[in-house]
Amino acid sequence: MKDLWRDPDFLKLWAGQSVSQVGSWITLVGLPLTAAQMLKASPLQMGFLSGAGAAAVLLFGLFAGAWADRLRRRPVLIWADLGRAALLSTIPLAAAFGRLTMSHLYVVAAASAALTMFFDVSYQAYLPSLVSPENLLEGNSKLSLSENIAGVVGPGLTGILIQALTAPLAILFDAISFVCSAISVGLIRKQEPRLAPTAAPHIGREIVEGLRASWHQPILRTLLLRSATAALFLGFGSSLYILFAVSELRIGAALLGAVIAVGGCSGVLGALISERLVRRFGFGRTLIVAALLPALASLLPPLAHGPVVLCAAFLAVAQLGDVAWSIYDINVRTLRQAIAPSHVLGRVNSAAHMTFRGVLPAGALLGGAVAEVIGLRAAMFVGAGGFLLSTLWLVFSPVRRLRELPKAATVS
């Protein structure tokens, strides 16, 4: 078993991802700020801007998985990075010439989201060809660590850059971060195994094969069902959390930002301890407990009451559940990579992405509708209760008996 600290090819992938993850926060904040500050976008236009990326993910998600299984994954990663860099570079360029429009931002948001989908499903399928099976958990832990550190560092750095340079110019730094990522992936020397060619490629049949692989294997099916159910009820919080904190609990923006930052720090801790917990307790127990803890923590925000400081404390303690959220995410990724055969791994990853990201907006809409009828606090309880119940998919499944990583599934 080779320590990944001494694996130069993995370190190149990790370094590139670390830089681009921090850079991505610039666009996450900078794109809507550009629309709001420079173009004076209306609330409806801001909604369209947010929806453009979600629509692209839903439209291209399954196709991204099919293409990731047709092609070698490393070139897909490089071209997705370069494509995103080129797209984002057009924003400061158009702003400099006074030609920036909302239509331009819609196109960039949608195309960037589609390329990000291609990158995500490909790089999660690429990792098993870069590291040995016994190092998958360590690799996912290190990559998740970068994501969580970016969640802590990124927002503060973004604020400084936007204040100093304006939002469009700050976005240029994200474009540069994608170029750095493309270069680091391009420097990897390990040869990627060629995927077995299919006699007559057909995108529809390939998508169906990926969905069948996700559904017929018991553990993959369990993860899919849990993801869909959890996303539905997590959607309640995504649409109601900030409104509840501001209108019901009277928490100010600065204090709320500090509370949310607790979650980012907690996620870093989860990424650091995930591997040793699995070594100690096994995959099944670790995964189930890591699913239960954030669900239990989600009950705390609607329980918050009293002075503002006390309410903020309730929310901050709930954010500590992100320790387990990070552990859960690492283990789910690792299980999919270990179980799914290499030739369908891209499609299995895209099915997982689509399940979560596709159901989450539906949950947000449902949460808003429920809150209109029974109130914010009661709707938050409904969301938290449903999220907690979603863990039953894991409890009553083969997952609970897992001690070590299982072998790849056979796709029929």
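Quick notes on the rules
Residues numbered from 1 in each chain as written. Predicted model: local features only at pLDDT ≥ 70, side-chain atom pairs only at ≥ 80, totals over all residues. Heavy atoms only, no water. Helix = DSSP H or I, 4+ residues; strand = E, 2+ residues; numbered from the N terminus. Rg over C-alpha atoms; globule rule 2.2 N^0.38 Å. Buried < 20%, exposed > 50% of the residue type's maximum accessible area, 1.4 Å probe, protein only. Areas by Shrake-Rupley, 256 points an atom, 1.4 Å probe, with all protein chains shown as cover. Lys, Arg positive; Asp, Glu negative; His and termini not counted. Charge placed at Lys NZ, Arg CZ, Asp CG, Glu CD. Salt bridge = Lys/Arg side-chain N within 4 Å of Asp/Glu carboxyl O. Polar contact = N/O pair within 3.5 Å; in protein donor to acceptor, adjacent residues only side chain to side chain. Contact = heavy atoms within 4.5 Å. Core = buried A, V, L, I, M, F, W, Y, C linked by side-chain atoms within 4.5 Å. Phe/Tyr/Trp six-rings, centres within 6.5 Å; stacked < 30°, edge-to-face > 60°. Lys NZ or Arg CZ within 6 Å of the ring centre and 35° of its normal.

Asks: What exactly am I supposed to notice about the overall build of the protein chain here?
Replies: Looking only at helices and strands, the protein chain features 16 helices and zero strands. The globule rule puts the C-alpha radius of gyration for 412 residues at 22 Å, and the 21 Å found for the protein chain is close to it. Taking the principal axes of its C-alpha atoms as reference, the protein chain extends roughly 60 × 55 × 40 Å. Across the 412 residues that make up the protein chain, the buried fraction comes to 48%. A total accessible area of about 18500 Å² is found for the protein chain, and carbon and sulfur atoms account for 70% of it. Taking the average place of the 32 positive charges on the side chains of the protein chain and the average place of its 19 negative ones, the gap between the two points comes to 3 Å.

Asks: Help me understand the pattern of salt bridges, please; the structure alone is not making it clear to me.
Replies: Any two side chains of opposite charge can pair, on the condition that their charged atoms come close. Per the stated rule, a full pass over the model turns up six salt bridges. In this structure, the salt-bridge partner of aspartate 81 is arginine 84, at a minimum N-O distance of 2.8 Å. Taken together, the residues span about one helical turn, with aspartate 81 and arginine 84 both in helix α3 (residues 73–96) at a distance of three residues. As far as the burial class goes, aspartate 81 and arginine 84 line up, both buried. Note that glutamate 138 and lysine 142 form a salt bridge whose closest N and O atoms lie 2.9 Å from each other. Taken together, the residues span about one helical turn, with glutamate 138 and lysine 142 both in helix α5 (residues 136–165) at a distance of four residues. Assigned by exposure class, glutamate 138 and lysine 142 land together as buried.

Asks: Sorry, what's going on with the side chain of serine 122 here?
Replies: Relative to the helices and strands, serine 122 is located in helix α4 (residues 102–130). By relative accessible area, serine 122 is classed as buried at 0%. Of note is the side chain of serine 122, whose polar atom sits 2.8 Å from the backbone oxygen of phenylalanine 118. Ignoring anything within four residues of it in the chain, the contact list for serine 122 reads Ala68, Arg73, Val76 and Leu77.

Asks: I'm lost on the nonpolar core in this one. Help?
Replies: Inside soluble globular proteins, nonpolar side chains tend to come together where they are buried. Among the nonpolar cores identified, the biggest contains 48 residues, and Phe10, Leu223, Tyr328 and Leu335 are the most heavily contacted of them. With eight residues, helix α13 (residues 322–339) is the largest single contributor of residues to this core. Setting aside chain neighbours within four positions, we find phenylalanine 10 in contact with Leu4, Leu127, Leu130, Val131, Gly139, Lys142 and Leu143. Formed by 17 residues, the second largest nonpolar core is a distinct cluster that contains Ala41, Leu49, Leu100 and Phe178.

Asks: Hey, could you run me through the packing of aromatic side chains in this one?
Replies: Within the structure shown, the criterion is met by five aromatic pairs. Judged by centre distance (5.2 Å) and plane angle (65°), the rings of tryptophan 5 and tryptophan 14 are edge-to-face. Both rings, one in phenylalanine 10 and one in tryptophan 14, keep their centres 6.0 Å apart while their planes meet at 35°; by these two values the pair is tilted. With phenylalanine 10 and tryptophan 14 both in helix α1 (residues 8–38) and four residues apart, the pair spans about one turn of that helix. The exposure class of phenylalanine 10 is buried, given its relative accessible area of 0%. Ring pairing ties together the aromatic residues Trp5, Phe10 and Trp14, which thus form one cluster. Above the plane of the ring of tryptophan 215 lies arginine 221, whose end atom (NZ or CZ) is 5.7 Å from the centre. Here the basic side chain of arginine 226 rests over the ring of tyrosine 328, its NZ or CZ set 4.9 Å away from the ring centre.

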